[in-house]
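# Coordinate analysis (summary)
Chain residues, written in single-letter form:
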Amino acid sequence: MGDYRVIAIGDILISTALLTERFACDMAVCRGYCCVEGESGAPLEEHEVGILEREYQAFAPYMTPAGREAVSGQGVAIVDTDGEWVTPLVKGAECAYALFDSSGTCWCAIERAFLEGKTTFRKPVSCWLYPVRIQTLSTGCALNYHQWHLCVCARERGNKEGVPVYRFLKEALIAKFGEGFYEELDMIFNLASDGSL
């Protein structure tokens with residue numbers, strides 16, 4: 001990973017990697033295995049735990065039997081070894097909210113329910129914003145770029161298509177931080193066409 005600077009928009013610190021690195025998911029290659037591998041479930045914001053409890057019945061029909069069993073035994077969310085809320089896992093493997101199509105590609109049951117109009121909750125923001133991770137600070141938050149071996153194909157596709165990380169995440173960034181934040185990020189990117197980032 002390269003050396004990145006940090007820029008600020010209000011109380012949000014942003015790694016310039018969001019502007020200089022390229023990323024575009026390639027589900028045909030990775031098959032959504034970011035929802036399967038890893039030592040812990042997807043990070044959850046505290047208010048999302050309440051949403052999962054309230055909306056669970058809306059997306060439970062889209063989940064696998066094993067996923068529903070995991071939630072039945074562990075709850076809609078658990079606290080991990082770092083003391084953070086995360087989604088439960090199925091026997092230490094895939095997220096309880098994962099579903100698989102006939103090709104074995106992994107999708108999100110919560111998002112599937114959202115796309116079919118069953119819930120207003122799209123999915124945990126940590127999933128929607130990946131490969132960006134939010135770090136909570138006493139003064140606001142920081143947005144950092146996370147590189148995972150599973151996402152080599154996304155970096156390759158992003159480089160081939162010339163998609164900066166932040167543009168790949170446009171919808172999620174706007175949903176989380178607002179249109180103005182995204183527009184300012186876009187303006188910084190365009191002003192830095194001289195390679196100053």
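Report on the accompanying structure.

Analysis parameters
- Residues numbered from 1 in each chain as written.
- Predicted model: local features only at pLDDT ≥ 70, side-chain atom pairs only at ≥ 80, totals over all residues.
- Heavy atoms only, no water.
- Helix = DSSP H or I, 4+ residues; strand = E, 2+ residues; numbered from the N terminus.
- Rg over C-alpha atoms; globule rule 2.2 N^0.38 Å.
- Contact = heavy atoms within 4.5 Å.
- Lys, Arg positive; Asp, Glu negative; His and termini not counted.
- Charge placed at Lys NZ, Arg CZ, Asp CG, Glu CD.
- Axes fitted to C-alpha atoms, helices over the stretch in contact; angles between N-to-C directions.
- Parallel < 35°, antiparallel > 145°, perpendicular 65-115°, else oblique.
- Nonpolar A, V, L, I, M, F, W, Y, C, P; charged D, E, K, R; others polar.
- Salt bridge = Lys/Arg side-chain N within 4 Å of Asp/Glu carboxyl O.
- Buried < 20%, exposed > 50% of the residue type's maximum accessible area, 1.4 Å probe, protein only.
- Phe/Tyr/Trp six-rings, centres within 6.5 Å; stacked < 30°, edge-to-face > 60°.
- Arc of directions from axis to C-beta.
- Pairing = 2+ DSSP bridges.

On to the overall build of the protein, then. Counting its regular elements, the protein contains 10 helices and 8 strands. Relative to the globule expectation of 16 Å for 197 residues, the C-alpha radius of gyration of the protein, 17 Å, shows essentially globular dimensions. Here the C-alpha coordinates of the protein stretch approximately 55 × 40 × 35 Å along the principal axes. Restricting the contact set of the protein to residue pairs at least 6 apart, pairs at least 24 apart contribute 62%. With 17 positive and 27 negative side-chain charges, the protein shows a separation of 6 Å between the mean positions of the two kinds.

Let us look at the packing of helix α9 (residues 170-177) against helix α10 (residues 179-191). Running from amino to carboxyl end, α9 crosses α10 at an angle of 130 degrees, the nearest separation of the two axes being 7 Å. It follows from the interaxial angle that α9 and α10 lie oblique. For the pair α9 and α10, contact is made by K170, L173, I174 and F177 and by E179, F181, Y182 and L185, respectively. Across the contact of α9 with α10, the residue classes tally to 6 nonpolar, no polar and 2 charged.

What follows concerns the pattern of salt bridges. By the definition in use, this model includes 6 salt bridges. Put simply, K123 and E111 hold a salt bridge, and the shortest N to O gap is 3.1 Å. Of the two residues, K123 sits in the loop between α5 (109-115) and α6 (125-128) while E111 sits in helix α5, which places them 12 residues apart along the sequence. Per residue, the accessibility class of K123 equals that of E111, and both read buried.

Applying the stated criterion across every chain yields a total of 7 aromatic pairs. Plain terms: the ring middles of Y56 and F59 are 6.0 Å apart, the flat faces sit at 90 degrees to each other, and that makes the pair edge-to-face. Taken together, the positions of Y56 and F59, both in helix α3 (residues 46-59) and 3 residues apart, correspond to about one turn of that helix. With relative accessibility at 0%, the residue F59 sits in the buried group. Geometrically, the ring pair formed by Y130 and W148 is edge-to-face, given 6.2 Å between the ring centres and 75 degrees between the ring planes. Within this pair, whereas Y130 is found in the loop between α6 and β7 (132-137), its partner W148 is found in the loop between β8 (140-145) and α7 (152-161), the two being separated by 18 residues in sequence.

Further remarks concern helix α4 (residues 65-74). Listed as buried for α4 are G67, A70 and V71. The buried residues of α4 occupy an angular sector of 95 degrees when projected down its axis, which confines them to one face. Relative to its buried face, α4 has exposed residues pointing more than 90 degrees away, namely P65, E69, S72 and G73. Residues of α4 that are buried sit in contact with α3. Backbone geometry just downstream of α4 places G75 in the positive-phi region, at approximately 100 degrees.

In this section: the sheet that holds strand β2 (residues 12-15). Backbone-to-backbone hydrogen bonds join strands into a sheet, with any given pair of strands oriented parallel or antiparallel. Read across the open sheet, the 4 strands follow the order β1-β2-β8-β7; overall the sheet is mixed. Two strands in the sheet have a free side with no partner beyond their single neighbour: β1 (6-9) and β7. Within this sheet the neighbouring strands show an average axis-to-axis angle of 25 degrees, counted without direction. Packed on one face of the sheet, α9 meets β2, β7 and β8 and runs near 170 degrees to β8. Where α10 meets the sheet, its contacts fall on β1, β2 and β8, and the angle it forms with β1 comes to roughly 140 degrees.

This part is about α7. Buried within α7 are the following residues: C153, A154, R155 and G158. Those residues of α7 that are buried lie in contact with α2 (27-30) and β8.

So, on to the side chain of R155. Checked against the element boundaries, R155 lands in helix α7. Look at R155: it is buried, it has no salt bridge, and the nearest opposite charge is E21 at 6.8 Å. Ignoring sequence-local partners within four residues, the contact set of R155 consists of R22, F23, Y145, Q147, W148 and H149.

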